[in-house]
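# Survey of secondary and tertiary structure
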Amino acid sequence: MLTPDHLQSRVNTAGRMIAWGGNPVGAVLGGLLAELLPIRLTYGLQTVGVAAGAALAGWSCLGSGALSEVSLLAPGLTP
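Here the structure is a predicted model, which is why all the values come from computation and not from measurement. Along every chain, residues carry numbers that run from 1 in the direction the sequence is written. Restriction of local features to residues with pLDDT of at least 70 applies here, the model being predicted, together with a cutoff of 80 or more for giving and counting side-chain atom pairs; totals for whole chains, interfaces and linings are based on all residues. Note that the side-chain values use all heavy atoms of the structure and ignore hydrogens as well as water.

### What about the packing of helix H2 (residues 23-36) against helix H3 (residues 39-62)?
Every axis in this analysis is a line fitted to C-alpha atoms, fitted for helices over the stretch in contact. Angles between the N-to-C directions lie between 0 and 180 degrees. The helix count covers DSSP runs of H or I at least four residues long, the strand count covers runs of E at least two residues long, and both are numbered beginning at the N terminus. Relative orientation of the contacting elements H2 and H3 amounts to 145 degrees, with a least axis distance of 8 Å. When you trace H2 past H3, the crossing you get is right-handed. Together, Gly30, Leu33 and Ala34 of H2 and Ile39, Thr42 and Gln46 of H3 make up the contact between the two elements. Its residues assigned to classes, the contact of H2 with H3 comprises 3 nonpolar, 3 polar and no charged. Less than a right angle of anticlockwise turn of the near helix away from the far helix marks a crossing as left-handed, whereas a clockwise turn marks it as right-handed. Every residue pair with non-hydrogen atoms within 4.5 Å of one another is taken to be in contact. Residue type decides the class: Asp, Glu, Lys and Arg count as charged, Ala, Val, Leu, Ile, Met, Phe, Trp, Tyr, Cys and Pro as nonpolar, and the leftover types, Gly among them, as polar.

Now the structure itself:
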């Protein structure tokens with residue numbers, strides 16, 4: 001909603017690189033942790049990491065950034 005039409009593909013590509021680019025790093029890190037630590041501790045650490053990432057993503061949407069200014073109403077309408 002905030003990105004002009006001529007930049008949609010670039011923003012989409014950047015978002016996908018951010019979202020999926022960490023998978024190989026996470027796989028290597030998870031494999032190394034599983035080799036070095038007990039498997040339950042490894043899963044626990046991964047769970048904490050995922051929860052922290054989800055919390056940060058949710059918190060960033062609640063701030064005073066550009067997304068907090070987006071309205072789904074048509075221009076001129078009030079809630």
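### A word on the confidence of the model for the protein chain
Confidence along the protein chain averages 81 in pLDDT terms, with 77% of residues attaining 70 or more. One confidence number per residue, pLDDT, is output by the predictor and ranges from 0 to 100. By mean pLDDT, the top-scoring element of the protein chain is H2 (91), and the lowest-scoring one is H3 (87).

### Looking at the environment of Gln46
Within the secondary structure, Gln46 is located in helix H3. Judged by its relative accessible area of 31%, Gln46 falls in the partly exposed class. Taking the C-alpha atoms as reference points, Gln46 and Leu29, separated by 17 residues in sequence, lie 9.7 Å from one another. Buried, partly exposed and exposed residues are distinguished by accessible area as a fraction of the type maximum, computed with a 1.4 Å probe on protein chains only: under 20%, between the cut-offs, and over 50%, respectively.

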